[in-house]
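In case you want the letters, here they are:
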Amino acid sequence: MSHTTTPPTSGLSNSRKSIFSSIATLLYRTYTLFIFLPLFLAASILTALTTVIGCRLGDGHFWGYYPGKWWSWLTIRLLLLPVKVDGREHLTAGQSYVFVSNHQGAFDIFLIYGFLGRNFKWMMKKGIRKIPLVGIACESAHHIFVDKSGASKIKKTYDTARETLREGMSVVVFPEGARTFTGHMGKFRRGAFMLADEIQLPVCPLTINGSFDVMPRTKDWHFPIWHRLSLTIHKPIAPKGKGIEFEKQTMEEAYDAVMSGIATEYQGYVENPDQ
């Protein structure tokens, strides 16, 4: 009796998948290096110059937002990253918000700036001011640099944010204060919720997914990895009263809302040593 041997099709299939994956990665990196990177650098320089000149000569709210929005949108589109945005219907025209988001990675900036669809000011680390062109553009656009080097500096930061909100502008804050190392959320800090409580503005939670997969913090300045991005705009949390107990309640509600939208593999709190 003769016996036939079944070829290891599953192994062959896995091998082919691995080869195709390697080829796709090589092609994407080649495209990133020779096409995306030169266009990105040119767009970054043009955006910074347009922002600085526009803010000095014209409407700072316009020139401080739209060049950065278009630059962010273009960056993600040039990298061929699919984007899904849910929840824009939760936002009311003309209403100011304190937007709070998880901080998965560097691409959070591009995703929120390019796809949130609201004019706002960032609250950002003061170290960004030192980045060539980017720093002066952010300063010209009147984004808010968070300086924690002393009590007077902290007070000045929140005075600026308070004035921005009272002018009818929204702000975007990463209440973790630092990007994650693992994709999981750390703890929220009080600052954004204290501002919202003082001025009695709604807090709007945002959940970002995919940014950590595109470029984890541990691989800054490496080649980006193709991955889907999503931005979920949750229902804003209206002020229920004024005082520290309401502030804490809003912070807890916002944290739970952001966490509820995070992909399964990154669910749950993980301590961030950088906080």
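For the structure itself, consult the block above.
Now for a description of the structure that goes with this document.

Here is what the cut-offs are and how they apply
- Residues numbered from 1 in each chain as written.
- Predicted model: local features only at pLDDT ≥ 70, side-chain atom pairs only at ≥ 80, totals over all residues.
- Heavy atoms only, no water.
- Axes fitted to C-alpha atoms, helices over the stretch in contact; angles between N-to-C directions.
- Helix = DSSP H or I, 4+ residues; strand = E, 2+ residues; numbered from the N terminus.
- Parallel < 35°, antiparallel > 145°, perpendicular 65-115°, else oblique.
- Left-handed = near helix turned anticlockwise from the far one by under 90°.
- Contact = heavy atoms within 4.5 Å.
- Nonpolar A, V, L, I, M, F, W, Y, C, P; charged D, E, K, R; others polar.
- Phe/Tyr/Trp six-rings, centres within 6.5 Å; stacked < 30°, edge-to-face > 60°.
- Buried < 20%, exposed > 50% of the residue type's maximum accessible area, 1.4 Å probe, protein only.
- Patch = residues over 30% accessible without salt bridge, like charges linked within 9 Å, V, L, I, M, F, W, Y side chains within 5 Å.
- Areas by Shrake-Rupley, 256 points an atom, 1.4 Å probe, with all protein chains shown as cover.
- Salt bridge = Lys/Arg side-chain N within 4 Å of Asp/Glu carboxyl O.
- Polar contact = N/O pair within 3.5 Å; in protein donor to acceptor, adjacent residues only side chain to side chain.
- Core = buried A, V, L, I, M, F, W, Y, C linked by side-chain atoms within 4.5 Å.
- Pairing = 2+ DSSP bridges.
- Expected span 1.5 Å × (residues − 1).
- Arc of directions from axis to C-beta.

Right, let's get into the packing of helix α3 (residues 66-78) against helix α4 (residues 107-115). Across the interface, α3 lies against α4 with an axial gap of 7 Å and an inter-helix angle of 120 degrees. Classified by the angle between their axes, α3 and α4 sit oblique to one another. Of the two possible hands of crossing, α3 and α4 adopt the one that is left-handed. Along the contact surface, α3 presents Gly68, Lys69, Trp71, Ser72, Trp73, Thr75, Ile76 and Arg77, while α4 presents Ile109, Phe110, Leu111, Tyr113, Gly114 and Phe115. Within the contact of α3 with α4, the residues separate by chemical class into 8 nonpolar, 4 polar and 2 charged.

Take the packing of aromatic side chains next. Geometrically, a pair of aromatic rings is defined through the distance of the ring centres and the angle of the planes. One pass over the structure, following the stated rule, counts 19 aromatic pairs. Seen from their ring centres, tryptophan 71 and phenylalanine 110 are 5.1 Å apart, and the 65 degrees between their planes marks the pair as edge-to-face. Residue tryptophan 71 is located in helix α3, and its partner phenylalanine 110 is located in helix α4; the two are separated by 39 residues in the primary sequence. Tryptophan 71 sits in the buried class, given a relative accessible area of 18%. For the pair phenylalanine 212 and tyrosine 266, a centre-to-centre distance of 5.4 Å together with 75 degrees between the ring planes defines the contact as edge-to-face. Taken as a pair, phenylalanine 212 in helix α8 (residues 211-214) and tyrosine 266 in the segment after α9 (244-260) lie far apart in primary sequence, 54 residues in all. For phenylalanine 212, a relative accessible area of 11% puts it in the buried group.

A cluster of nonpolar side chains, contributed by Leu33, Phe34, Ile35, Leu37, Leu39, Leu41 and Phe223, occupies part of the molecular surface with about 630 Å² of accessible area. Mapped onto the elements, leucine 39 comes out in helix α1 (residues 9-57).

One can find histidine 103 in the loop between β2 (98-101) and α4. A polar contact is formed between the side chain of histidine 103 and the side chain of aspartate 108, at a distance of 2.7 Å. If sequence neighbours within four positions are ignored, histidine 103 has contacts with Asp108, Phe174, Glu176, Ala178, Arg179 and Thr180.

Moving on, we get to the nonpolar core. Leu81, Phe99, Ile112, Leu116, Phe120, Trp122 and Leu206 are the most contacted members of the largest nonpolar core, which has 35 residues in total. For this core, the elements supplying multiple residues, two or more each, are α1, α3, α4, β3 (120-125), β6 (203-209) and β7 (229-233). By residue number, the principal contributor to this core is α4, which donates 6 residues. If near-sequence neighbours (up to four positions away) are discounted, leucine 206 is found in contact with Phe99, Val100, Ser101, Asn102, Ile112, Leu116, Leu231, Thr232, Ile233, His234 and Val258. If you look at the next biggest cluster of nonpolar residues, it comprises 27 residues, including Leu165, Val171, Met259 and Ile262.

This part is about the pairing of strand β5 (residues 170-173). A two-sided burial pattern is seen for β5, the buried positions comprising Ser170 and Val172 on one face and Val171 and Val173 on the other. Pairing geometry for β2 and β5, over 3 bridges, is parallel. Across the sheet, residue phenylalanine 99 finds its bridge partner in β5, namely valine 172. Two elements, β3 and β5, share 3 bridges in a ladder whose sense is parallel. Looking across to β5, one finds that phenylalanine 120 is bridged to serine 170.

Taking 1.5 Å per residue, 16 residues should reach 22 Å; helix α6 (residues 151-166) reaches 22 Å between its end C-alpha atoms and fits that length. Looking at α6, one finds that the buried residues are Thr157, Tyr158, Ala161, Arg162, Thr164 and Leu165. Viewed end-on, α6 has its buried residues packed into an arc of 160 degrees, placing them on one side of the element. Projecting away from the buried face of α6 at angles above 90 degrees are the exposed residues Ser152, Lys155, Lys156 and Arg166. Those residues of α6 that are buried are in contact with β2, β3, β4 (144-146), β5 and α7 (191-199).

This paragraph deals with the packing of α6 against α7. The contact between α6 and α7 brings their axes to 11 Å, and the two run at 50 degrees. One finds that α6 runs oblique with respect to α7. Regarding α6 and α7, the two cross each other, and that crossing is right-handed. For the pair α6 and α7, contact is made by Tyr158, Ala161, Arg162, Leu165 and Arg166 and by Gly191, Met194, Leu195, Glu198 and Ile199, respectively. Looking at the contact of α6 with α7 residue by residue, the class counts come to 6 nonpolar, 1 polar and 3 charged.

Honestly, that's just the spatial picture; any functional story needs more than this.
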